[in-house]
Amino acid sequence: MTDVANPEQMLFTSTAQAFLEKEVPLDRVRQLHADGIAFDAEWWQRAAELGWASLLVPEELGGGSVSGDGVADLALLAEQAGRSVAPGPLHPVSVVLAALVEAPDGHDETIEALVSGELVASWAAYEPRQPFSALRGDSVQTTATRTASGFRLDGTKDRVEAGEQSGVLLVPAMCDGRLRQFVVPTDSPGVTVTPQASVDMVKQYARVQFDGVEVGEAAVVGSADATQAIVERQRQIALVLQCAEIVGILDAVLTMTNQWLFDRHSFGRPLASYQALKHRAADMKMWFEACRATTAGAVAAVGGRSPDAELLVSVAKAYVAERAPVMLQDCVQLHGGIGVTWEHDLHLYLRRVALYRAMFGSPEDHHRAVYAVSRRNRAVEEVGA
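Residues numbered from 1 in each chain as written. Predicted model: local features only at pLDDT ≥ 70, side-chain atom pairs only at ≥ 80, totals over all residues. Heavy atoms only, no water.

**Structural notes on the overall build of the protein chain**
Note the cut-off: In DSSP terms, a helix is any run of H or I states spanning at least four residues, a strand is any run of E spanning at least two, and both are numbered starting from the N terminus. When we talk radius of gyration, it's over C-alpha atoms, and the globule rule is simply 2.2 Å times the number of residues to the 0.38. Contacts: residue pairs with any heavy atoms within 4.5 Å of one another. Only the protein chains shown count as cover for residues, and all accessible areas are computed by the Shrake-Rupley method using a 1.4 Å probe. Charge convention: Lys and Arg are scored as positive, Asp and Glu as negative, and His as well as the terminal groups of each chain are ignored. Lysine's charge is taken at NZ, arginine's at CZ, aspartate's at CG and glutamate's at CD.
Secondary structure summary: the protein chain contains 11 helices and nine strands in total. Taken against the 2.2 N^0.38 rule, which gives 21 Å for 385 residues, the C-alpha radius of gyration of the protein chain at 21 Å falls within 12% of a compact globule. The long-range fraction of contacts in the protein chain, counting pairs at least 24 apart against all pairs at least 6 apart in sequence, stands at 75%. Accessible surface for the protein chain amounts to roughly 16,700 Å². Of this, 53% is attributable to carbon and sulfur atoms. Counting 33 positive and 49 negative side-chain charges, the protein chain places the averaged centre of each group 9 Å from the other.

Written as structure tokens, this is what we have:
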């Protein structure tokens, strides 16, 4: 995933890195937190002008990617964002666009506004007091009832990333006993958005109540038969973005920690010269490369729409989200007392990883998913044999 395949991809990655270092360094992240701001809307629009929101959108819909593989380019971008724990709605906007480009009829203006950065959108996938479960019919309590002019939505969603900052939400709901998704403007009558606290410094979430919200026929995304496949595509995009960003976080933190071990001296010797610490650094390097490899496999599978994508995204999330918190806690300890202070930057990275460990399924959830998919595939092979 971190291998740059062509000069265009190299330029895109270096431009993104320079933009992030200039516009949202870590002290800017701290300032946004102090001001209670998730991200600057003008900053996001400038990021969109660099092509950040267009990578999953085909050229005929106003998008395009530098390498022709939008998922790979987006993963490289997420990795760069991880190195500076950047703010911004890259994840929710990308996940919504992943759905809209699968069924663009009637949503051309929304896609155009998202690609330009004029509009922010988010996927309202979570139900209150419910884990993320790939949106099975029995887990979705929000309902869409047919009316003379369209649909009426009733229910509640929570843990909606950038909910307060979003102009539209993509809302899964049960309609006539089947799962459907609807594009709902947040300024519609009956929509109530309430902020929710987050462990992250700048990632903000919201609880959204839908009380008799009226939407037209054009609000529907895809047919009833296609909805589950679209939802699965969104899930895969969300997971590879998480894993790619965590890889960027690990890269930054391990670099920071290794430099500290060489700079800090004890008994006249750098900490890096002690064998016990060398072993810990070697273990973390091995785990990091495994995180990067599993993520690269998932990115390639999702980008190529491989039948193995469902399995490989869960393999990546299970491994990366399980090992990353352990590695970051090790880095905190290797820094000594300074590692647990507010002034040190380590906790900014640790907070982001702790958040991503929980969102869109925990490692334990994905271990079970790997088992379920493997068992299903084995049963298919046995029937075919």
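Following the structure, the description resumes.
**A word on the UniProt feature "domain: Acyl-CoA dehydrogenase/oxidase N-terminal" (unreviewed entry) in the protein chain**
Selection rule: UniProt positions are given in the numbering used here, feature names are shortened, and annotations may be inferred rather than shown by experiment.
With numbering matched to this structure, UniProt assigns "domain: Acyl-CoA dehydrogenase/oxidase N-terminal" (unreviewed entry) to residues 7-89. Between the first and last C-alpha atoms of residues 7-89 the distance is 27 Å; the span itself is 60% helix and 0% strand.

**Overview of the nonpolar core**
The test is simple: Side-chain atoms within 4.5 Å link the members of a nonpolar core, which is a set of buried Ala, Val, Leu, Ile, Met, Phe, Trp, Tyr and Cys residues. Exposure classes here rest on a 1.4 Å probe applied to the protein chains alone. A residue is buried below 20% of its type maximum, exposed above 50%, and partly exposed in between.
Core analysis: the largest hydrophobic core is formed by 109 residues, its most contacted members being Trp44, Trp52 and Trp123. Not counting residues within four places of it along the chain, the set of residues in contact with Trp52 comprises Phe12, Ala16, Phe19, Leu20, Trp43, Trp44, Ala47, Leu74, Leu77 and Leu90. Grouped together as the second largest cluster of nonpolar side chains are 18 residues, Leu169, Cys175, Phe182 and Val191 included.

**Considering the pattern of salt bridges**
Test applied: Only one rule defines a salt bridge in this text: a Lys or Arg side-chain nitrogen within 4 Å of an Asp or Glu carboxyl oxygen.
Scanning the entire structure with this criterion turns up 20 salt bridges. Between Glu245 and Arg352 there is a salt bridge, with the nearest N and O atoms lying 2.6 Å from each other. Taken together, the residues span a long stretch of sequence, with Glu245 in helix H7 (residues 224-263) and Arg352 in helix H10 (residues 346-358) at a distance of 107 residues. Pair check on accessibility: Glu245 and Arg352 agree, each one buried. For Glu310, the salt bridge is made with Arg376, and the minimal N-O distance between the two is 2.8 Å. Taken together, the positions of Glu310 in helix H9 (residues 309-334) and Arg376 in helix H11 (residues 363-384) put the pair 66 residues apart, joining distant regions of the chain. We classify Arg376 as partly exposed; its relative accessible area is 42%. A single salt-bridge network, built from bridges that share partners, covers Glu79, Arg83 and Asp251.

**What about the UniProt feature "domain: Acyl-CoA dehydrogenase/oxidase C-terminal" (unreviewed entry) in the protein chain?**
In the numbering adopted here, UniProt assigns the feature "domain: Acyl-CoA dehydrogenase/oxidase C-terminal" (unreviewed entry) to residues 242-366. As annotated, residues 242-366 has a helix share of 75% and a strand share of 3%, and its two end C-alpha atoms lie 14 Å apart.

**Looking at the domain arrangement of the protein chain**
So the rule is basically this: Where each domain begins and ends is defined by an automated method or by a domain database. Using a 1.4 Å probe, buried area is obtained as the accessible area two parts lose upon being combined, added over both of them.
When cut into domains, the protein chain gives domain 1 (7-119), domain 2 (122-224) and domain 3 (227-384). Of note, the centres of domain 1 and domain 2, computed from C-alpha atoms alone, are 22 Å apart. Taken together, the 20 residues of domain 1 in the interface contact 19 residues of domain 2. Taking both sides of the interface into account, the surface hidden between domain 1 and domain 2 amounts to around 1,600 Å²; carbon and sulfur atoms contribute 74%.

**Some points on the side chain of Ser188**
Here is the rule we go by: Think of a polar contact as two N or O atoms within 3.5 Å of one another; within protein, one of them needs to be a possible hydrogen donor and the other a possible acceptor, and neighboring residues in sequence only count if both atoms come from side chains.
Following the sequence through the fold, Ser188 ends up in the loop between strand S5 (178-185) and strand S6 (191-196). A distance of 2.9 Å separates the side chain of Ser188 from the backbone oxygen of Pro185, its partner in a polar contact.

**A word on helix H3 (residues 41-49)**
So the rule is basically this: The arc in question is the one spanned by the directions pointing from the helix axis to the C-beta atoms.
By the burial criterion, the buried members of H3 are Trp43, Trp44, Ala47 and Ala48. Burial along H3 is one-sided: seen end-on, the buried residues are contained in an arc of 140°. In H3, those exposed residues whose orientation departs by more than 90 degrees from the buried face are Glu42 and Glu49. Structurally, H3 contributes buried residues whose contacts are with helix H1 (7-23), helix H5 (90-100) and helix H6 (108-116). With a side-chain oxygen positioned 2.9 Å from the backbone nitrogen of Glu42, the residue opening H3 is Asp40.

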